[in-house]
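# Examining the three-dimensional arrangement
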Amino acid sequence: MYAQMIKSEASTEDPKQLKEFQAKIDDNIKVEPRDWMPEGYRKTLIRQIGQHAHSEIVGQLPEGNWITRAPTLERKMILLAKVQDEAGHGLYLYAAAETLGVSRDDLTEQLLSGKMKYSSIFNYPTLNWADIGAVGWLVDGAAIMNQVPLQRTSYGPYSRAMIRICKEESFHQRQGYDIMMKMAQGTETQKKMAQDALNRLWYPSLMMFGPSDAESVHSTQNMAWKIKMNTNDELRQKFVDQTVPQAQYLGLTIPDENLTWNEEKGGYDYSDPDWSEFFDVLKGNGPCNVDRLEARNKAWDDGAWVRDGLMAHAEKKRAAKTAAE
Amino acid sequence: MADVDKKMLTQFLLRMGDNTLILGHRVSEWCGHAPVLEEDIALANTALDLIGQTQFWLGYAAEIMGDSKTADDVAFLRDVWDFRNLLLLELPNGDFGQTLMRQFLFDSYQSILLPRLMKSSDQHIAEIAEKSSKEVAYHVERSAETVVGLGDGTEESHARMQAALDRLWPYVGEMFSSDEVDAAMAAAGIAPDPATLREEYDALIGKVLAEATLSIPDSDFTHKGGRNGATHTEHLGHLLTQMQWLQRAYPGATW
């Protein structure tokens with residue numbers, strides 16, 4: 001889940017219009033860019049799609065961290081293709097956000113200044129090669145849990161972006177699991193790497209869904225608008241239930257002593273992550289927050305002359321063409 | 001396959017594969033750090049193509065080397081003196097301008113060499129060249145466009161691109177410095193003597209660089225020592241410490 005804790009905006013429009021809008025959403029009619037929409041719906045979506053786009057962009061960094069050290073040529077190619085896909089997802093999502101009247105440059109500025117967030121998970125480091133497997137398996141796995149239902153979200157451009165993204169994400173998840181398989185069946189040290197990656201990334205992956213929001217007003221509004229399709233707890237439970245047998249198959253141990261099958265609910269009971277750590281990460285105190293934002297700011301600042309140069313050239317060409325006509 | 005000394009053929013294949021491997025590595029260092037999202041995508045894509053081409057070239061080299069070696073063994077278990085890539089490609093990236101200028105100078109070379117290799121007397125080489133040439137045609141189109149855009153952009157972008165060309169120019173001549181390996185390849189109809197490609201190369205880059213309003217330095221001095229492995233730069237060793245770290249630290253592991 002690449003968008004967390006999205007607050008909804010109150011709507012002050014005419015109640016009749018709001019009612020018609022809600023009826024349209026209830027009938028599963030997609031909202032398109034030119035259609036009327038409440039201001040709160042528009043702003044909330046910008047926040048959510050923007051945060052998702054930023055997550056794709058910042059998410060290049062922890063995985064890019066291992067491209068130059070990938071263990072085989074094939075793994076290097078798979079990882080390059082994956083990171084390229086993520087940049088591509090960022091592009092579709094920014095394009096979807098632009099249909100709501102915000103520019104990509106505006107959103108970028110807000111990311112770089114720290115005003116807009118990206119998923120907390122990308123503030124954790126990738127320390128050994130198994131982390132690349134675990135990111136695919138757990139992080140993409142958690143993202144898919146959230147994004148599959150979002151294919152049915154009410155806003156047309158967002159829903160279509162999700163359909164494209166989900167296809168690629170499920171590839172990524174399989175590739176991640178494949179790395180974990182190789183590690184788990186490998187040497188003692190490789191097994192140790194795999195377990196170490198799971199130990200470090202398990203709780204941060206559970207945090208991706210955000211704190212319990214069953215009682216949240218924002219969540220209720222966002223669910224009514226079909227911007228959010230399930231509660232955080234529902235998705236987290238589904239994720240745990242899916243992942244535990246996969247870990248067992250790998251011969252790895254989920255770092256949770258309280259993990260037990262609950263026959264009655266038909267799912268696992270599990271320990272909550274440390275939510276104070278989650279809020280610390282959101283405040284900027286995760287292990288990599290500073291590095292990530294520094295890297296993105298440096299890329300943007302160092303690239304200013306490139307963007308300006310290419311713009312100036314395009315302008316010259318346009319002027320020359322106009323003069324010739 | 002034409003009758004040719006296996007050692008010579010291996011050297012030729014290592015030159016091809018090490019070029020794409022080392023440049024692919026350098027380009028991949030940009031991942032997530034490019035000036036604009038479209039460039040992140042394009043650079044990752046270029047690196048991906050180059051590593052893909054590496055698998056073919058080094059895979060074939062490994063096959064000839066025997067001992068059930070694989071492309072991965074060749075990539076990850078050789079030391080600096082065994083590498084046969086052009087010095088140009090192992091230089092650090094520098095700024096985005098220098099990275100794209102290097103890409104353009106190399107893409108132009110490949111775009112002339114690969115169509116010749118498609119007619120190689122060695123069927124396997126002809127096939128690899130055919131597959132790679134489609135990618136290279138796209139790479140050169142893109143890198144040339146970017147060199148023109150930045151050369152003929154703002155005052156700053158022009159100055160940076162001229163500095164990049166000045167910095168890299170002394171490494172261009174190595175592409176065309178033929179030796180006995182090239183003579184053997186040419187005699188067997190496997191590959192052209194690179195010296196014979198220079199005229200076409202100069203015409204191609206001359207046209208693009210003129211459009212980019214950049215001046216080719218007035219010097220034909222050339223650094224050498226990459227394609228024959230005699231004297232690499234200090235930079236290659238550092239690149240290998242990163243690229244080969246896992247394979248060296250955990251020998252025999254399957255990934």
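Look up: the structure comes first, before these words.
Read on for a plain summary of the structure. Everything numeric here is computed off the predicted structure, so don't read it as measured data. (Residues numbered from 1 in each chain as written. Chains lettered and ligands numbered in written order. Predicted model: local features only at pLDDT ≥ 70, side-chain atom pairs only at ≥ 80, totals over all residues. Heavy atoms only, no water.)

### Some details on the interface of chain A and chain B
With 46 residues of chain A at the contact, the number on the chain B side is 49 residues. Summed over both partners, the interface of chain A with chain B buries about 4,000 Å², with 71% contributed by carbon and sulfur atoms. The largest contributions to the chain A side of the interface with chain B come from T68, L73 and W305 of chain A, which together make up 20% of the buried area. In this assembly, chain A and chain B are joined by 13 residue pairs in polar contact (both at pLDDT 80 or more). When residues of the side of chain A that touches chain B are traced back to their parent elements, those giving at least two are α3 (60–64), α4 (73–98), α7 (156–184), α8 (188–207), α12 (289–302) and α13 (304–324) of chain A. At 14 residues, the largest contribution of residues to the side of chain A that touches chain B is made by α4 of chain A. (Contact = heavy atoms within 4.5 Å. Buried area = accessible area lost by both parts, 1.4 Å probe. Polar contact = N/O pair within 3.5 Å; in protein donor to acceptor, adjacent residues only side chain to side chain. Helix = DSSP H or I, 4+ residues; strand = E, 2+ residues; numbered from the N terminus.)

### Points about the environment of K298 of chain A
Residues and elements named next belong to chain A. Among the structural elements, K298 can be located in helix α12. Sequence-wise, K298 and A96 are 202 residues apart; in three dimensions their C-alpha atoms are separated by 26 Å. A distance of 2.6 Å separates polar atoms of two side chains, one belonging to K298 and the other to D302.

### Comments concerning the pattern of salt bridges
The final tally for this structure, using the stated rule, is 29 salt bridges over all chains. E200 of chain B is the salt-bridge partner of R116 of chain B, the closest N and O atoms lying 3.1 Å from each other. Placement of R116 of chain B in helix α5 (residues 96–117) and of E200 of chain B in helix α9 (residues 198–211) is noted, with a sequence separation of 84 residues between them. We classify E200 of chain B as partly exposed; its relative accessible area is 37%. Connected via shared salt-bridge partners are E63, K82, E86 and D140 of chain A. (Salt bridge = Lys/Arg side-chain N within 4 Å of Asp/Glu carboxyl O. Buried < 20%, exposed > 50% of the residue type's maximum accessible area, 1.4 Å probe, protein only.)

### Concerning the environment of V281 of chain A
Residues and elements named next belong to chain A. In this structure, V281 sits in helix α11 (residues 275–285). By relative accessible area, V281 is classed as buried at 3%. C-alpha separation for the pair V281 and E86, spaced 195 residues apart in sequence, amounts to 22 Å. Residue contacts for V281: discarding those within four places in its chain leaves S120, N123, Y124, G286 and N289.

### A word on α5 of chain B
Residue and element names in this part refer to chain B. The end-to-end C-alpha separation of α5 is 30 Å, in line with the 32 Å expected for 22 residues at 1.5 Å each. Here α5 lies mainly inside the structure; 19 of its 22 residues are buried. Two or three places before G97, at the start of α5, stands the capping residue D95, its side-chain oxygen 3.1 Å from that residue's backbone nitrogen. (Expected span 1.5 Å × (residues − 1).)

Note that every value here comes from positions in space, so none of it alone points to a role or purpose.
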